Structures are given as structure tokens and as C-alpha cells.
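# Descriptive analysis of the structure
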Amino acid sequence: LGFVFAPSPRQVAPSKVREIVRRLPSEIVTVGVFRDELPKRIGDIMQEAHLQGAQLHGHESTAIMAEVSAAVRFSIKAVVAGSPDAKRADNFACDAVLIDGLSPGSGEVFDWQLMNEVPLGLRLILSGGLHPENVAEGIDRVRPWGVDVSSGVEKSHGLKDPVKMRQFIANARAAARELGDID
């Protein structure tokens, strides 16, 4: 479950996140989403909000990614599909690589064929324009380790729709089961 700390209509305060996190089941992995933030600031926010992981969604260098990864339980580096960072994603010291479109949060799907340019052997998270109606196709075509959604499950910009969220999760799980990835 991701919480956005980067400037965005979806941005939340660490104190609010802490209150949400303390009510979640222990098996939920909580992640802070940051963009072009200093590693110390990321650590401070993660500690205040009681988060387990960090997703870096900016122009972070491999050195910054390594520093943040060493300080958190789980780390994700987001890159733009077809970019030089995507083609050398194995250089980032992280647990997973999120592949997104050119305009993250826009709800626009990118050409999934660009996933073929990402080095093999990485945990890949498909993002960019996913919603309940296309997540199964994305999983079937790309076979990612995980999927990421934000605008595709919103009632309005920044406000999540519980019905869309449940449908997205159900469709993603069904597609993964069909591939034999989950029970």
C-alpha cells in the first residue's frame, strides 16, 4: 500500500499516514512514494510514518537508490518505459523496478512492448494507465512481478473508489491465478 509524499494531489502528511498504518493488518507492506527527495528526508518521513518501504519515482542516481535501499526493508525504483534508466534498471540497488509511462499518475497506458527492453531477472512492477478493465490483460501480456495503480481506481482526482479498488484487486488476482502465479 503506497502513500504519496511527493508533490501531488494525492500527497499525504506523514502524521496522517502513521494513523492509517497503525490500523492496517500486519501482512500489508506499506511504502512511501518519493520524487527527487534527499535520502535523509526519506528516512525521516519513513520513520515518522512507520513505513516499511520506499518507492523512488524521480531522477535518483544509482548511489542515492543504494543509500535508500540500505535503510529500508523494501525498495522500489520507478523508471519510464523505453528510457535509458529502464534499459539499465539492473544497475539500481533495489528490490523491484516499477515501469511507468512518460507521465506518471496520468492514467495513460504505455506500449507494453517496451517492457522487453528492461534487463531480465528483475522483479518488475507494471504501472501506467492500469484500471480494473485492463489489469488482467497487462498481467497476461507482460507477466510482471506486481502491478501498481493510482488514478485507475479513483472516483475523482486524488480520491480512491473502494468498488474500483476491489475490482482491480480481484481482476489482478484472477489473472495471476490463471498464469499459476498464486493459489
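Residues numbered from 1 in each chain as written. Predicted model: local features only at pLDDT ≥ 70, side-chain atom pairs only at ≥ 80, totals over all residues. Heavy atoms only, no water.

## Quick look at the pairing of strand β2 (residues 31-34)
Threshold: Three labels apply to residues, based on accessible area from a 1.4 Å probe with only protein chains included: buried if under 20% of the type maximum, exposed if over 50%, partly exposed otherwise in between. For helices the rule is a DSSP run of H or I covering at least 4 residues; for strands it is a run of E covering at least 2, with both sets numbered from the N terminus onward. For two strands to pair, DSSP has to find at least two bridges joining them. Handedness of a crossover is defined as follows: with both strands directed away from the viewer, a clockwise route from the first strand across the helix to the second makes it right-handed.
On β2, burial covers both faces: V31 and V33 on one face and G32 and F34 on the other are all buried. As judged from the three bridges shared by strand β1 (residues 2-4) and β2, these two strands associate in the parallel manner. Looking at β2, one finds that V4 is bridged to V33. Regarding topology, helix α1 (residues 14-21) serves as the crossover connection from β1 to the parallel β2, and that connection is right-handed.

## Section: the sheet that holds strand β4 (residues 74-80)
Strands sit in the order β1-β2-β3-β4-β5-β6-β7 across an open sheet of seven strands; the sheet is parallel. The open sheet is flanked by β1 and β7 (146-147), the only strands paired with a single partner. Strand direction decides the pairing type here: strand β6 (residues 124-126) and β7, joined by two bridges, are parallel. Looking at the pairing, L126 lines up with V147 of β7.

## Quick look at the packing of aromatic side chains
Put simply, the test is: To pair, rings of Phe, Tyr and Trp, with the six-membered ring standing in for Trp, must have centres within 6.5 Å; the planes then decide the type, stacked if under 30 degrees apart, edge-to-face if over 60, and tilted in the middle. For a Lys NZ or an Arg CZ to count as sitting over a ring, it must be within 6 Å of the ring centre and within 35 degrees of the ring normal.
With the rule as written, the count across this model stands at two aromatic pairs. An angle of 20° between the planes, with centres 5.3 Å apart, marks the rings of F5 and F34 as stacked. In this pair, F5 is assigned in the loop between β1 and α1 and F34 in strand β2, connecting sequence segments 29 residues apart. You can call F34 buried: its relative accessible area is 1%. Aromatic side chains F74 and W145 sit 5.9 Å apart centroid to centroid with 20° between the ring planes, which places their arrangement in the stacked category. Taken together, the residues span a long stretch of sequence, with F74 in strand β4 and W145 in the loop between α5 (135-142) and β7 at a distance of 71 residues. Residue placement shows K77 over the ring face of F92; its charged tip is 5.5 Å from the ring centre.

## As for the nonpolar core
Going by this rule: Definition used in this section: a nonpolar core is a set of buried Ala, Val, Leu, Ile, Met, Phe, Trp, Tyr and Cys residues joined via side-chain atoms within 4.5 Å.
Counting 36 residues, the largest nonpolar core has F5, F34, L51, A54 and I99 as the members making the most contacts within it. Contributing elements (two or more residues each) for this core: α1, α2 (39-49), β3 (53-56), α3 (62-71), β5 (96-100), β6, α5 and α6 (162-179). Broken down by element, the residue count for this core peaks at four residues, all from α2. Listed in part, the seven residues of the second largest apolar core include V31, A78, A96 and I125.

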